[in-house]
Amino acid sequence: MPLDPQVEELRAKREAENVPQLYTQTLEEARAADLAAIQAGGGDVEPVHLVEDLVTDSGVPLRRYRPEGEGPLPTLVYFFGGGWTLGSIDTADGVCRQLANLVPCQVITVGYRLAPENPFPAAVNDCHRATQWIAGHAVELGVDVARLAVGGDSAGGNLAAATTLLARDSGPALAAQLLVYPNTLYGSDTASMRAGDDPFLFNRTSVNWYWKHYLADESDGTNPLASPLLASSHAGLPPALVITAEFDPLRDEGEFYAEKLYAAGVPTEMVRYNGMIHGFYTMSGVLDTARQALADSAAWLRRTLDDA
């Protein structure tokens, strides 16, 4: 299929304005540009009953989004995207607000440390420890520990997958994982990666730039916590929804991961959104399909957490 007409319009605008790729900018410039683009694409800020900033005992910042409702609520711990190099709690604000209202459930975003200042495995450790902390403070946070999930987009999807691997062995028990176009394999040479060379979209140069910042040593790329596809076993992981985009260099490795999970006996659903590009999930202010994907993932979370 061709690019979705709304995506084509966005791409044409980038080309007409000669918008520079993030990997051509300084880290400070790229971080500011990434946040500005996501906020522009996300549309109006959606109100949520309660929004609260917190900090874990180890100093990791969190933001809690709680819809109306008494008592413990199903809770999604969400990890923002940005190639482990860009992004912040504010990056995921729009998505978290919408999911909190759509499911409805409590959503808690984790402000993990960024590379290259804090390379792998700092982000993985922050995400897992924050998830443990949230489960350990379930009473005061109003978390239903039987319905605790993790999720994230892009690098956040990678961190969610890695967190499930750690949680399988050392807790907490997780009821679901939402993986939105996740990185799953360092150095992947898939058909979608080879085709990902558009100079005005997220492309394979973008992928390599992020990995270069994330890994202090190239050999770390073989660690399953960096490349979840390489885990020796995927058995016993929580039910998964894996979302991919047709015109995304990461498409194939995300779908390979869904296949791995399914083969290991993990209840798994995989949805590819045709005509879409990497990053579309955060563009609900300008893309109809982004709004549909958010609604679809919220419905899946509702069903899966209710079953739990």
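Attention in this report is confined to the structure presented alongside it. (Residues numbered from 1 in each chain as written. Predicted model: local features only at pLDDT ≥ 70, side-chain atom pairs only at ≥ 80, totals over all residues. Heavy atoms only, no water.)

Scanning the protein chain from terminus to terminus reveals ten helices and eight strands. Relative to a compact globule of 308 residues, whose C-alpha radius of gyration would be 19 Å, the protein chain shows 18 Å and is just as compact. Going through the 308 residues of the protein chain one by one, you find that 57% of them count as buried. At a minimum sequence separation of 6, the contacts of the protein chain that also span at least 24 residues come to 78%. In the form shown here, the protein chain has an accessible surface area of approximately 12,500 Å², with 52% of it arising from carbon and sulfur atoms. Side chains of the protein chain carry 21 positive and 40 negative charges; the gap between the two charge centres is 2 Å. (Helix = DSSP H or I, 4+ residues; strand = E, 2+ residues; numbered from the N terminus. Rg over C-alpha atoms; globule rule 2.2 N^0.38 Å. Buried < 20%, exposed > 50% of the residue type's maximum accessible area, 1.4 Å probe, protein only. Contact = heavy atoms within 4.5 Å. Areas by Shrake-Rupley, 256 points an atom, 1.4 Å probe, with all protein chains shown as cover. Lys, Arg positive; Asp, Glu negative; His and termini not counted. Charge placed at Lys NZ, Arg CZ, Asp CG, Glu CD.)

This part is about the sheet that holds strand β8 (residues 268-277). Strand order in the open sheet formed by eight strands is β1-β2-β4-β3-β5-β6-β7-β8, and the pairing between neighbours is mixed. The sheet terminates laterally at β1 (50-55) and β8, the two strands that pair on one side only. Shown here is a sheet whose adjacent strand axes are inclined to one another by a mean of 20°, direction ignored. Two elements, strand β2 (residues 61-66) and strand β4 (residues 106-110), share four bridges in a ladder whose sense is antiparallel. Residue pairing across strands places Arg63 opposite Thr109, the latter belonging to β4. Helix α4 (residues 122-136) contacts β1, β2, β3 (73-79), β4 and β5 (143-153) of the sheet and is inclined by roughly 160° relative to β5. (Pairing = 2+ DSSP bridges. Axes fitted to C-alpha atoms, helices over the stretch in contact; angles between N-to-C directions.)

Here we take up the packing of aromatic side chains. The final tally for this structure, using the stated rule, is ten aromatic pairs. Relative to Tyr112, the ring of Phe80 has its centre 4.1 Å away and its plane inclined at 15°; by these criteria the two rings are stacked. Of this pair, Phe80 sits in the loop between β3 and α3 (93-102) while Tyr112 sits in the loop between β4 and α4, and the two are 32 residues apart along the sequence. Like Phe80, the residue Tyr112 is buried in the burial classification. For the pair Trp84 and Trp211, a centre-to-centre distance of 4.5 Å together with 50° between the ring planes defines the contact as tilted. Note that Trp84 is positioned in the loop between β3 and α3 and Trp211 in helix α8 (residues 204-214), a separation of 127 residues in sequence. For the residue pair Trp84 and Trp211, the accessibility class agrees, reading buried in each case. Ring pairs connect the aromatic residues Trp84, Phe120, Tyr186, Trp211 and Tyr214, which therefore count as one cluster. (Phe/Tyr/Trp six-rings, centres within 6.5 Å; stacked < 30°, edge-to-face > 60°.)

With that settled, the discussion passes to the side chain of Thr109. Relative to the helices and strands, Thr109 is located in strand β4. Once you skip the residues sitting within four places of it in the chain, Thr109 turns out to touch Pro61, Leu62, Arg63, Tyr65, Tyr78, Phe80, Ile89, Ala92 and Cys96.

Bridge analysis of strand β7 (residues 240-247) against β8 gives seven bridges, and the strand direction is parallel. When the bridges of β8 are listed, Ala240 appears paired with Thr268. For the crossover that starts at β7, traverses helix α9 (residues 251-263) and ends in the parallel β8, the hand is right-handed. (Right-handed = clockwise from strand over helix to strand, strands pointing away.)

On to unusual backbone geometry, then. Cis geometry marks the peptide bond from Val103 to Pro104; its omega dihedral reads -15°. One can find Pro104 in the loop between α3 and β4. One non-glycine residue, Tyr181, adopts positive backbone phi at about 30°. On the basis of relative accessible area, Tyr181 is assigned to the buried category, the value being 1%.

Another aspect to go through is the environment of Ser154. Topologically, Ser154 is positioned in the loop between β5 and α6 (155-170). With a relative accessible area of 8%, Ser154 lands in the buried category. Distance in space between the C-alpha atoms of Ser154 and Arg113 is 16 Å, their sequence separation being 41 residues. The contacts of Ser154, once residues within four sequence positions are left out, are Gly81, Val180, Tyr181, Pro182, Asn183, Leu250 and His278.

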